[in-house]
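A closer look at the structure
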Protein chains: 2
Amino acid sequence: MATVPTIALDAMGGDYAPDEIVAGAAEALKGAQGQLRIVLVGQQPLIRRALERYGPIEGITIRHASESVDMAESVASLRRKKDSSLAVAIRMQKDGEADAMVSAGNTGAAMALSLLILGRIPGVSRPAIACTMPTATGVCTLLDVGANTTCKPEHLVQFAVMGSLYHTYAHSVARPRVGLLSIGEEASKGDSLVQETHAMLAVSSLNFIGNVEGRDILPGAADVVVCDGFTGNVVLKFAESAAQVIGGMIREAVQSSAMSRLGGVLIKRQFAKVKQRFDWEEYGGAPLLGIDGITIICHGRSKAKAIRNAIRVAAMAARGQLNSHIKAELEKVSVDATA
Amino acid sequence: MATVPTIALDAMGGDYAPDEIVAGAAEALKGAQGQLRIVLVGQQPLIRRALERYGPIEGITIRHASESVDMAESVASLRRKKDSSLAVAIRMQKDGEADAMVSAGNTGAAMALSLLILGRIPGVSRPAIACTMPTATGVCTLLDVGANTTCKPEHLVQFAVMGSLYHTYAHSVARPRVGLLSIGEEASKGDSLVQETHAMLAVSSLNFIGNVEGRDILPGAADVVVCDGFTGNVVLKFAESAAQVIGGMIREAVQSSAMSRLGGVLIKRQFAKVKQRFDWEEYGGAPLLGIDGITIICHGRSKAKAIRNAIRVAAMAARGQLNSHIKAELEKVSVDATA
């Protein structure tokens, strides 16, 4: 990897592409002081137009790609679309032209093409999507949040290893507390997947704190919470909606009388801080851990702020050489996993 | 069932037993106008003492039981403790002395003893715990939330039937919208359990609206949300903690400056309404659906309000003859399920 990381950014992926994607790139480069390069991948005329509102930006280039991936693209059609912005952005790592890739497009397609083009880190059976969730005390890393609906214990152990390293790099926590998501604290609780995983994690070199329950995540009982991709996806989406629904009900309550409207004005500033803590755009960018390359997946609804954060995550993973650490750690754990 | 339902209340179960349990019974009877009877089951001297603060209460009686079930009781020791308050309370239905049972004690024990003593409704493979969750537009019934960590499609279909009927009786909704919890809207999304269940629900007589995601629960996209007991338990506990954690952060924000403290005073009344919407004590009492009898399970932390609500749920299920409807409906659906 070059000293200054180059991020390939899928400019055509996401509900607000290309404008908000380009805006995110511009914001990311503004504070980078030359320590970051971004390649906007996609329809050159559209990207150029989106760039017009900005002056010259140091570190930005365009790479034309003639096709786009739809939200409901089949794997077969993905294979045919060799010149989609997503495929080109991913391939740039293979060709040594980029160190990481960021996309707010079709998550399934980003996973499939990453596996197809970049492959897995040796020793990894299943890549997993890791997300950063706000807690009462800081943040936690939750994985898998959707790459694998059904898992074996070996997979969850690998998720724990990868998630632990990722948390260390992303949040500067030396030995993250790793919890296994279950429905009771005792090792005997949960299904056979959780029970077997518990036994394996208990003898690993990780800082394993045992089972955690749904109620333990938000108070910050663990730094890394490991689960299958079905449960993780449900929890992540529930959490995002909880912040929105509760926020909406509070707004409505504040608006419901003259006195509460005045009260709302007085607490506005303090409330904004709470709101910001639960704003997923602040945590934008979920890495697909285990890929032999760096693929950062964003929400389809990502705007500039989320894209800027995702670029930050991508650059951090590239600078810290996360993948070589994952490879080394998996060799140590020497999990005998079969995909 | 007698016209006036008799509820057997385990007075020894829960963190605040027997005082708060007895208080809940007193509150429930206050508004019942003779249309409810409660039998407090447990250590007679302790129950008597807890009752001392109240005047004579119409409709309350005591049934002595010499033993109690601990929070970490094994199934073997449960079988030996024939005179535990929980076992006696459950057995009263078998003996025609009560129409329903409420306990805030050990959930696993309540499930095991209910199965052992009362058995299942003919046609039910697996009983499921159904909980009521507040949504932006009302409430939804989520099940299973912990009775079954691993499920087959046939089980989830039965949960859907039982949950749909329960929702109708508990919340007066004629044809509840039933959603299947998954990680994508399309029928092809989710693991094989969800895919097969989806196909079965699609041809059922239920008002099946398809898959719902974690983000759809709180906005109220479905009246009944069906899932395996592992996922449901994680979601329920996450939801309860979300309300607490976000509430705590808001309180802290309000306290952080003189101006916001004043604002807090002005919005206090409106806020209390939002808080109440997410107060699980308001929804106390989760039925173990599928048992040939009525077992209502409460949080271990239940205080009087939660117990009072659980008694209301128990009386409602008894009055509405929920179980005969479940039996009739399962015969119609004629699911060929094996436990």
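Residues numbered from 1 in each chain as written. Chains lettered and ligands numbered in written order. Predicted model: local features only at pLDDT ≥ 70, side-chain atom pairs only at ≥ 80, totals over all residues.

Scanning chain A for helices and strands turns up 12 helices and 11 strands. For 339 residues, the compact-globule formula gives about 20 Å, and the C-alpha radius of gyration of chain A, at 20 Å, lands near that figure. Taken over the C-alpha atoms alone, chain A extends approximately 60 × 60 × 40 Å along its principal axes. Out of the 339 residues belonging to chain A, those deemed buried represent 57%. Sequence separation of at least 24 residues holds for 73% of the intrachain contacts in chain A that already meet a minimum separation of 6. (Helix = DSSP H or I, 4+ residues; strand = E, 2+ residues; numbered from the N terminus. Rg over C-alpha atoms; globule rule 2.2 N^0.38 Å. Buried ≥ 20, exposed ≤ 12 C-beta atoms within 10 Å, placed from the backbone. Contact = placed C-beta atoms within 7 Å.)

Counting residues at the interface gives 46 residues for chain A, matched by 46 residues for chain B. Ranked by the residues each element gives to the side of chain A that touches chain B, the list is headed by helix α9 (residues 229-255) of chain A, at 18 residues. Of the residues contributing to the side of chain A that touches chain B, the split by class is 24 nonpolar, 15 polar and 7 charged. (Nonpolar A, V, L, I, M, F, W, Y, C, P; charged D, E, K, R; others polar.)

It is worth spelling out the environment of Ser302 of chain B at this point. Residue and element names in this part refer to chain B. For Ser302, the position within the fold is in the loop between β11 (295-297) and α10 (304-319). A residue is classified by how many C-beta atoms lie within 10 Å of it, and Ser302, with 29 of them, is buried. Put simply, Ser302 and Gly320 are 18 residues apart on the chain and 25 Å apart in space, counted from C-alpha to C-alpha. Apart from residues no more than four positions distant in its own chain, Ser302 is found in contact with Gly14, Tyr16, Glu20, Ala104, Gly284 and Ile307.

The two faces of the sheet receive side chains in turn, since in a regular strand these alternate between them. All names here are of chain A. Here strand β10 (residues 286-289) shows two buried faces, one formed by Ala286 and Leu288 and the other by Pro287 and Leu289. Relative to strand β11 (residues 295-297), β10 is paired through 2 bridges, and the arrangement is antiparallel. Within β11, the residue paired with Ala286 across the bridge is Ile297. Taking the residues between adjacent antiparallel strands as the criterion, β10 and β11 are bridged by 5 residues, where Gly290 takes a positive phi near 110°. (Pairing = 2+ DSSP bridges.)

This part takes up the domain arrangement of chain A. Residue and element names in this part refer to chain A. Along its sequence, chain A is carved into domain 1 (1-124 + 290-320) and domain 2 (126-282). Taking only C-alpha atoms, the centre of domain 1 and the centre of domain 2 are 26 Å apart. With 17 residues of domain 1 at the contact, the number on the domain 2 side is 13 residues. For the side of domain 1 that touches domain 2, the secondary-structure elements that each account for two or more residues are α5 (107-118) and α11 (304-319). Per-element accounting of the side of domain 1 that touches domain 2 gives the leading share, 6 residues, to α11. Taken together, the residues that form the side of domain 1 that touches domain 2 break down as 9 nonpolar, 5 polar and 3 charged. (Domains from an automatic or database assignment.)

Turning to the pairing of strand β8 (residues 208-212) of chain A, a few remarks are in order. All names here are of chain A. Bridge count for strand β7 (residues 178-181) against β8 is 4 bridges, and the pairing is parallel. Each bridged residue has a counterpart across the sheet, and for Leu181 the counterpart in β8 is Val212. On the question of chirality, the crossover connecting β7 to the parallel β8 by way of helix α7 (residues 192-202) is right-handed. (Right-handed = clockwise from strand over helix to strand, strands pointing away.)

Here chain A sits on chain B after a turn of 180° about the axis and a move of 0.0 Å along it, with an RMSD of 0.0 Å. Such a turn and shift between the copies fits a two-fold axis. For chain A, the residue whose C-alpha comes nearest the rotation axis is Gly263 of chain A, separated from it by 1.9 Å. An overlap of 100% is found between the interface residues of chain A and their copies at the interface of chain B, pointing to a shared contact surface. (Least-squares fit on C-alpha atoms with pLDDT ≥ 70 in both.)

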